[in-house]
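Each chain, letter by letter, is given below.
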Amino acid sequence: MSRTLKCESLKELDVNELARENPFIKLVNNQRIVEVPELILESGLKIRNFPIAYKTWGQLNATGDNVLVICHALTGSSDVSDWWGPLLGNDLAFDPSRFFIICLNSMGSPYGSFSPLSYDEETNEPYGPEFPLCTVRDDVRAHRLVLDSLGVKAIACVIGGSMGGMLALEWSTIYGEDYVKNLVALATSARHSAWCISWSEAQRQSIYSDPKYLDGYYPLDDPPLSGLSAARMSALLTYRSRNSFEKKFARKTPSPWQKEKSRQVKRAAHSISEKSLQIHNDGHISSESKRPGSISTTSSLNDSNDESITSYGSTTSLSSVTGELKEVKPAQTYFSAQSYLRYQGTKFIHRFDANSYIAITRKLDTHDLARDRMEYDEDIEKVLNSIKQPTLVIGISSDGLFTFSEQEFLADHIPNSRLEKIQSPEGHDAFLLEFKLINELIKNFLKENCKTITESSPVKWDCSDLNNEEIKNSVFGEAEEVTNW
Ligand SMILES: N[C@@H](CCO)C(=O)O
């Protein structure tokens with residue numbers, strides 16, 4: 001991270017102190033958090049003295065215009081090295097020896113910016129479910145205030161995928177080509193589709209239906225984990241594709257390490273009814289798995305008193321006639337695809353907050369470049385037509401969430417744009433997985449459109465914050481093959 005540059009006019013906040021109130025902040029290495037004095041949200045509400053977290057790499061040049069603004073996706077943080085690490089480094093797409101690279105955390109996210117975990121000055125309580133609606137446009141306006149205070153005069157290119165792509169489109173639309181010189185939008189849309197809104201809704205409903213949700217007034221030490229985990233599991237399915245799952249898992253049984261990762265902990269069953277109950281409630285993370293009044297037979301996901309780790313693929317089963325244990329091979333009811341989903345759900349609840357998830361999915365739902373843009377008659381094609389910057393649109397062939405046709409729509413209506421298709425079976429998340437292809441596409445686009453910067457002499461930058469070890473140990477879990485190319 002650039003240690004030399006500080007916000008001139010914004011108060012720098014003590015990250016460690018903030019992390020005492022919001023433990024998720026600790027998951028992001030070496031970011032800065034500043035206090036923005038005031039912003040009027042799109043809703044008309046004025047917010048005061050609120051935090052924005054950001055992280056930078058490289059040095060700002062004398063003219064303040066060698067700036068790459070990278071915008072993160074739904075559950076991302078300001079730490080680009082954690083989720084797009086293989087694109088960041090000397091001679092890569094995001095080259096800190098030439099560009100000043102900045103990623104600012106979106107509001108609603110639990111990773112440092114203004115969120116449901118922030119304290120309301122008036123009540124001295126976290127906002128929780130009373131956190132105000134923050135839109136993509138609100139993010140862009142708040143982030144602009146931070147860029148101004150850092151001395152940024154123009155953005156060489158704004159780049160983002162998924163929600164990050166929405167921010168990138170808004171940056172270009174709000175501030176125009178004098179301030180934002182180039183745009184790269186990946187796997188995103190001009191407005192959030194009915195399909196995406198519906199998935200957001202289904203995920204929020206998972207959280208609402210967790211009895212621990214308590215209308216959002218849950219204590220931070222007892223949050224609605226099962227609802228949040230279920231929300232992430234269904235979200236994850238929309239981020240991948242049927243074919244990638246079939247190829248990866250088919251009908252495989254989880255290996256012992258996969259079972260261990262997904263914490264499938266079972267105690268021995270002593271009767272048919274106990275065994276049936278175990279199968280029936282298998283995967284229900286807050287289940288007691290016992291009849292009211294009887295002794296528990298299945299531990300919850302967080303139970304550390306494991307007696308044994310078994311699965312229904314074992315050879316111990318029950319005779320339906322006698323009700324006694326008998327050595328037979330039962331039908332498989334626990335599959336590798338399930339252990340993967342459960343593991344992902346568990347991984348997520350350790351790094352995200354339920355109210356934040358609700359706030360940020362609502363932000364996605366508000367996204368519509370045409371909304372309230374009367375100067376364009378709220379006509380989406382006219383708004384896209386007003387984006388004059390050289391633009392690269394990148395779509396994923398198998399993306400079922402932000403479909404390739406939505407990328408075609410963007411490219412068809414943004415006049416100075418080029419469309420690239422990534423052939424990948426991975427679905428939407430390919431924008432976070434197909435590093436090599438994305439690196440090449442963005443690098444070539446910048447070479448073509450930011451020549452004076454890409455051809456400038458490289459300057460030294462502090463790369464101590466970037467190393468393979470950090471990428472491998474990503475708190476957010478980069479793909480397993482991240483370092484393989
Ligand atoms: N996997 C990404 C997908 C959202 O586009 C995330 O969690 O942010």
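Since the structure is predicted, the reported quantities are computational estimates derived from the model, not experimental observations.

Calculation criteria
- Residues numbered from 1 in each chain as written.
- Predicted model: local features only at pLDDT ≥ 70, side-chain atom pairs only at ≥ 80, totals over all residues.
- Heavy atoms only, no water.
- UniProt positions renumbered as here; feature names shortened; annotations may be inferred.
- Helix = DSSP H or I, 4+ residues; strand = E, 2+ residues; numbered from the N terminus.
- Contact = heavy atoms within 4.5 Å.
- Buried < 20%, exposed > 50% of the residue type's maximum accessible area, 1.4 Å probe, protein only.
- Polar contact = N/O pair within 3.5 Å; in protein donor to acceptor, adjacent residues only side chain to side chain.
- Pairing = 2+ DSSP bridges.
- Salt bridge = Lys/Arg side-chain N within 4 Å of Asp/Glu carboxyl O.
- 1 Å grid on protein atoms, 1.4 Å probe; cavity = no way out; pocket = protein on both sides within 12 Å on 5 of 7 lines; lining within 4 Å.
- Points joined across faces, edges and corners; volume = space filled by probe spheres on them.
- Nonpolar A, V, L, I, M, F, W, Y, C, P; charged D, E, K, R; others polar.
- Near = heavy atom within 4 Å.
- Areas by Shrake-Rupley, 256 points an atom, 1.4 Å probe, with all protein chains shown as cover.
- Axes fitted to C-alpha atoms, helices over the stretch in contact; angles between N-to-C directions.
- Core = buried A, V, L, I, M, F, W, Y, C linked by side-chain atoms within 4.5 Å.
- Expected span 1.5 Å × (residues − 1).
- Parallel < 35°, antiparallel > 145°, perpendicular 65-115°, else oblique.
- Left-handed = near helix turned anticlockwise from the far one by under 90°.
- Phe/Tyr/Trp six-rings, centres within 6.5 Å; stacked < 30°, edge-to-face > 60°.
- Lys NZ or Arg CZ within 6 Å of the ring centre and 35° of its normal.

(A) Representation of the UniProt feature "active site" (unreviewed entry) in the protein chain. The feature "active site" (unreviewed entry), as given by UniProt, occupies Ser162, Asp399 and His428 in the numbering adopted here. Across 267 residues of sequence, these annotated residues stay compact in space, with a maximum C-alpha separation of 10.9 Å. By secondary structure assignment, the location of Ser162 is in the loop between β8 (155–161) and α4 (163–179). Ignoring any residue separated from it by four or fewer positions in sequence, one finds Ser162 in contact with Ala73, Leu186, Ala187, Thr188, Phe402, His428 and Phe431. By secondary structure assignment, the location of His428 is in the loop between β13 (417–422) and α14 (430–433). Overall, His428 belongs to the buried group, its relative accessible area being 1%. Beyond its immediate stretch of four places on either side in the chain, His428 contacts Ser162, Ala187, Thr238, Tyr239, Ile396, Asp399, Leu401 and Phe402. One polar contact links His428 to Asp399, side chain to side chain, over a distance of 2.8 Å.

(B) Spotlight on the pairing of strand β4 (residues 67–71). The buried fraction of β4 is high, at five of five residues. Residue alternation in β4 divides its side chains into two sets, Val67, Val69 and Cys71 and Leu68 and Ile70, and both sets are buried. Bridge analysis of β4 against strand β5 (residues 100–104) gives four bridges, and the strand direction is parallel. Looking at β5, one finds that Leu68 is bridged to Ile101.

(C) Expanded view of the pattern of salt bridges. Scanning the entire structure with this criterion turns up 23 salt bridges. One continuous salt-bridge network, built from bridges that share partners, spans Glu42, Arg137, Glu170, Arg371, Asp372 and Arg373.

(D) Examining the layout of surface pockets more closely. Volume-wise, the second largest pocket comes out at about 610 Å³. Residue lining of the second largest pocket: 27 residues in total, with Arg48, Asn49, Tyr119, Glu121 and Tyr127 positioned closest to the centre. Mapped by element, the contributors of at least two residues to the lining of the second largest pocket are α1 (15–21), β3 (46–57) and β6 (119–120). With six residues, β3 is the largest single contributor of residues to the lining of the second largest pocket. Taken together, the residues of the lining of the second largest pocket sort by class into 12 nonpolar, seven polar and eight charged.

(E) Region of the structure containing the site of the ligand. Lining the immediate environment of the ligand, one finds Ala73, Leu74, Thr75, Ser162, Arg232, Tyr239, His428, Asp429, Phe431 and Leu432. In the model, an oxygen atom of the ligand is placed 3.4 Å from a nitrogen or oxygen of the Leu74 main chain. Its free accessible area being 260 Å², the ligand has 94% of it covered by the protein chains. For the shell around the ligand, the residue count by class is five nonpolar, three polar and two charged.

(F) Broad picture of the environment of Gly108. Considering the arrangement of structural elements, one finds Gly108 in the loop between β5 and β6. A C-alpha to C-alpha distance of 7.7 Å links Gly108 and Tyr357, two positions 249 residues apart in sequence. Ignoring sequence-local partners within four residues, the contact set of Gly108 consists of Phe114, Ser115, Pro116, Phe131, Ser356, Ala359 and Ile360.

(G) Structural view of the sheet that holds β5. The strand order across the open sheet built from nine strands is β1-β2-β3-β5-β4-β8-β9-β12-β13, with neighbouring strands paired in mixed fashion. A single partner strand is all that each edge strand has here, and the edge strands are β1 (11–12) and β13. In the sheet, β3 pairs with β5 via four bridges, with the strands oriented antiparallel. Bridge pairing in β5 places Trp57 opposite Ile101. Relative to the sheet, helix α3 (residues 136–150) contacts β2 (32–40), β3, β4, β5 and β8, its axis offset from that of β2 by approximately 120°.

(H) Here's a closer look at the nonpolar core. Met107, Trp171 and Tyr357 are the most contacted members of the largest nonpolar core, which totals 74 residues. Ranked by residue count, the leading element in this core is α4, at seven residues. In contact with Tyr357, not counting residues within four places along its chain, are Leu74, Thr75, Gln203, Ile207, Leu228, Ala231, Ala235, Tyr239, Phe348 and Phe352.

(I) Layout of helix α10 (residues 336–349). An ideal rise of 1.5 Å per residue puts 20 Å on 14 residues; α10 measures up with 20 Å between its terminal C-alpha atoms. Of all 14 residues that make up α10, 10 are buried, and the element is covered over most of its length. If you check which residues of α10 are buried, you get Ser336, Ser339, Tyr340, Leu341, Arg342, Gln344, Gly345, Thr346, Phe348 and Ile349. Where α10 is buried, its residues meet α6 (225–239), α7 (242–248), α8 (256–261) and α11 (354–366).

(J) Up close: the packing of helix α5 (residues 194–208) against α11. At a minimum axis separation of 10 Å, α5 and α11 run at an interaxial angle of 160°. Judged on the interaxial angle alone, α11 and α5 are roughly antiparallel. Crossing geometry of α5 relative to α11 is assigned as left-handed. When α5 is examined against α11, the residues Ile197, Ser200, Gln203, Arg204, Ile207 and Tyr208 are found in contact with a partner set consisting of Ala354, Tyr357, Ile358, Thr361, Arg362 and Asp365. For the contact of α5 with α11, the residue count by class is six nonpolar, three polar and three charged.

(K) Summary view of the packing of aromatic side chains. A complete count under the given rule lists 19 aromatic pairs for this structure. Judged by centre distance (5.8 Å) and plane angle (80°), the rings of Phe245 and Tyr340 are edge-to-face. Residue Phe245 is located in helix α7, and its partner Tyr340 is located in helix α10; the two are separated by 95 residues in the primary sequence. We note that Phe245, like Tyr340, is buried. Where Phe348 meets Tyr357, the ring centres are 5.8 Å apart and the plane angle is 80°; that geometry is what we call edge-to-face. Across this residue pair, the class does not change: Phe348 and Tyr357 are buried. Members of the aromatic cluster, each reached through a chain of ring pairs, are Phe50, Phe114, Tyr127 and Phe131. The lysine or arginine in question, Arg144, covers the ring of Tyr175, its NZ or CZ lying 4.7 Å from the ring centre. The residue whose ring lies beneath Arg232 is Phe348, and the NZ or CZ to ring-centre distance is 4.5 Å.

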